[in-house]
Amino acid sequence: MASAAERYDGLLRWVEDGGGSLNPSIEIYYDDVTKGSFRVKDSCSIGVDDIIVTLPLSKTLSYLDAISGHPDFVSQSPSTLSHDERTYFPVEFLKGTPPHVVGRFFLIQEYLLGSKSRWWPYIRSLPQPEHLSSILPAMWPSDDIDFLKGTNAFVAVQDIKSTLKKEYKHAMKLLPESYQSEYTRLLYHWAYSIFTSRSFRPSLILPAGTPLDPSCEIDDFSILLPLYDIGNHSPLAKIAWATDEQAQVCTLRSRQTYSAGQQVFNNYGMKTNAELLLGYGFILPEDDGLHNDYVHIRTRADPDASDLTATHIVSLRPMAHQSSFVGRSKLLSADSMSCIPCFSHIQDTLITALYESITQGRDETSNVSLVEIMRGEIPEEVLRKIVDSLGSKLSIDLEEIEDSDPEYEAANRNQQLAVRYREQCKKVLENALRSLMAASD
């Protein structure tokens, strides 16, 4: 079996053969901590505006490749395969299955082709199906998932597993019997894990006006970017993504400097540790300059918000603290940082949702501004109800985590990661409750 270095060398040659490149001052570095990452070579440096990766769009992989050239679909995929070289999925499957699911099945198809797939140099550089249990929490063994009990990540994992089960069952009903033995649930879970942890939104990559089938919106699926996806995440990384429509390439460009030996980061966006854990299988550690620890809260107004992006967040440190980088990005207004101390750890959307629920039908409170709410310039009775509601909710959540603490010590990497995550969740809730209790003194 080829080593990691050999697989990455093959990936780089494949990208270069298509007209792509990796900055010559950067190497693909592999270790047990970062796995694959970009690192500046010895005696080299990266400057502001230097291109890190150039990737031909013909090397990308997505739903568009599953329908490229198909007579029943309107699309223009970057793929260069001719119709005669393609084996399409049945039309009933392509039209009756969500695009993001079709994309996963296309990845399975290419995996099963092995070295005959034009994407094989990329696919063999990815985590393989036999390593599925160490990629994302939704794929962990049940004993490992149990270490997340009591946290909102545990609830999200159950939602993900339920959704995957339904997606796979529905898709397989639309495929002939001949597909049943090879397109296994294991491979579907693997394809889900690869797309979830490595893909990008097409609207950020594909040229404007890329033809799509009328039934499909641009972000109804996601797109895999070989080599581009090796860059690890930092919310502080200054980068730029761009696509040259004429040259049909996308570029990852640095907007900061890096010295020899430093890791060169991508930026996946403003994601909390809960989102990073579920979507990428890691969390960022807390330090003085940056923390990424937030607990996601649902309200009665949004009980079906299974997606964490539809929830409100509570922060380990006040939103106004310089280390609460992600938290500040999610505020409705920067003015919300000038709030009374008891609201300092709470996203303003949650405060306003509670305010609206408590004051519903009361005309005298309908014209109050966000700033006034966050500064506590509201009736004392309403302020007290908001504080009490928050205190009750956060206390229940903290108690649920504590009551679900594992009965034995973590025995593997997954469990150790879960313990670190749940301990940080406790700290978030404890800190927020302390600030709320200060309002009672």
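Calculation criteria
Residues numbered from 1 in each chain as written. Predicted model: local features only at pLDDT ≥ 70, side-chain atom pairs only at ≥ 80, totals over all residues. Heavy atoms only, no water. Salt bridge = Lys/Arg side-chain N within 4 Å of Asp/Glu carboxyl O. Helix = DSSP H or I, 4+ residues; strand = E, 2+ residues; numbered from the N terminus. Buried < 20%, exposed > 50% of the residue type's maximum accessible area, 1.4 Å probe, protein only. Pairing = 2+ DSSP bridges. 1 Å grid on protein atoms, 1.4 Å probe; cavity = no way out; pocket = protein on both sides within 12 Å on 5 of 7 lines; lining within 4 Å. Points joined across faces, edges and corners; volume = space filled by probe spheres on them. Core = buried A, V, L, I, M, F, W, Y, C linked by side-chain atoms within 4.5 Å. Contact = heavy atoms within 4.5 Å. Phe/Tyr/Trp six-rings, centres within 6.5 Å; stacked < 30°, edge-to-face > 60°. Expected span 1.5 Å × (residues − 1).

K.L.:
An account of the pattern of salt bridges is needed here, citing residue identities and associated values.
P.N.:
The full count for this structure, using the stated rule, is 15 salt bridges. Its salt-bridge partner being Glu-381, residue Lys-385 comes within 3.4 Å of it at the nearest N-O pair. Of this pair, Lys-385 and Glu-381 both sit in helix α14 (residues 380-403), four residues apart, roughly one helical turn. Accessibility expressed as a relative area gives 43% for Glu-381, which makes it partly exposed. Here Glu-423 and Lys-426 are joined by a salt bridge, their closest N and O atoms 3.2 Å apart. Here Glu-423 pairs with Lys-426, and both are found in helix α15 (residues 413-438), just three residues apart, close to one helical turn. With relative accessibility at 35%, the residue Glu-423 sits in the partly exposed group. Exposure remark for Lys-426: the relative accessible area of 10% places this residue in the buried category.

K.L.:
Give me the sheet that holds strand β9 (residues 263-264): which residues, what numbers.
P.N.:
The antiparallel open sheet is built from three strands, whose spatial order is β2-β3-β9. The open sheet has two edge strands, β2 (26-31) and β9, and neither has a second partner.

K.L.:
Could you give an account of empty space enclosed by the protein, naming the residues involved and the relevant values?
P.N.:
Counted under the stated rule, the structure contains one cavity of 30 Å³ or more. The calculated volume of the largest cavity comes to roughly 30 Å³. Around the largest cavity, the lining residues are Asn-273, Asp-293, Tyr-294, Val-295, Tyr-421, Gln-424, Cys-425 and Val-428. Of all the secondary-structure elements, those providing two or more residues to the lining of the largest cavity are β10 (294-297) and α15.

K.L.:
Requested: an account of the nonpolar core, with residues and values cited.
P.N.:
Phe-105 and Phe-343 are the most contacted members of the largest nonpolar core, which has 117 residues in total. Residues within four places of Phe-343 in sequence aside, it is in contact with Ile-351, Ile-373, Met-374, Leu-383, Ile-386, Val-387 and Leu-390. Counting five residues, the second largest nonpolar core, distinct from the first, contains Tyr-294, Met-319, Val-326 and Leu-331.

K.L.:
With reference to specific residues and values, describe the environment of Ala-411.
P.N.:
Within the secondary structure, Ala-411 sits in the loop between α14 and α15. Residue classification places Ala-411 among the exposed residues on the basis of a relative accessible area of 65%. Taking C-alpha positions, Ala-411 is 36 Å from Gln-180, a pair spaced 231 residues apart along the chain.

K.L.:
Provide a residue-level description of the pairing of strand β3 (residues 35-40), including the pertinent values.
P.N.:
Direction of pairing for β2 relative to β3: antiparallel, over a ladder of six bridges. Opposite Tyr-29, over in β3, you have Ser-37 as the bridge partner. Between the end of β2 and the start of β3, which pair antiparallel, lie three residues. Bridge count between β3 and β9: two bridges; the pairing is antiparallel. Of the residues in β9, the one forming a bridge with Phe-38 is Val-264.

K.L.:
Outline the sheet that holds strand β4 (residues 51-56), supporting the account with residue identities and numerical values.
P.N.:
Strands sit in the order β1-β4-β8-β7 across an open sheet of four strands; the sheet is antiparallel. Each edge of the open sheet is held by one strand with a lone partner, namely β1 (21-22) and β7 (239-244). The pairing of β1 with β4 spans two bridges and is antiparallel. Paired with Leu-22 across the bridge in β4 is Val-53.

K.L.:
Describe the packing of aromatic side chains, naming the residues involved and giving the relevant values.
P.N.:
Tallied over the entire structure, the rule returns 18 aromatic pairs. Geometrically, the ring pair formed by Phe-89 and Phe-93 is tilted, given 5.1 Å between the ring centres and 45° between the ring planes. The burial state of Phe-89 is the same as that of Phe-93; both residues are buried. Measuring from centroid to centroid gives 6.5 Å for Phe-89 and Phe-105, while their planes differ by 90°, and the two rings are edge-to-face. Taken together, the positions of Phe-89 in the loop between α2 (63-67) and α3 (91-96) and Phe-105 in helix α4 (residues 99-113) put the pair 16 residues apart, joining distant regions of the chain. Given the relative accessible area of 2%, Phe-89 is considered buried.

K.L.:
Residue-level account of unusual backbone geometry, with values.
P.N.:
A positive phi angle, close to 65°, is found at Ser-43, a residue other than glycine. Note that Ser-43 resides in the loop between β3 and β4. Residues other than glycine seldom take positive phi values, yet Leu-227 does so here, at roughly 70°. With respect to the element layout, Leu-227 can be found in the loop between β6 (223-224) and β7. Its relative accessible area of 0% is what places Leu-227 among the buried residues.

K.L.:
Kindly report on α4, identifying the contributing residues and their values.
P.N.:
Given 3.6 residues per turn, any residue in an α-helix points the same way as the ones three and four places further on. With 15 residues, α4 should cover 21 Å at 1.5 Å per step; its first-to-last C-alpha distance of 21 Å lies within 8% of that length. Extensive coverage of α4 is indicated by the burial of 11 of its 15 residues. Every buried residue of α4 is listed here: Pro-99, Val-101, Val-102, Gly-103, Arg-104, Phe-105, Phe-106, Leu-107, Ile-108, Gln-109 and Glu-110. Looking one or two residues beyond α4, the residue adopting positive phi is Gly-114, at roughly 60°.

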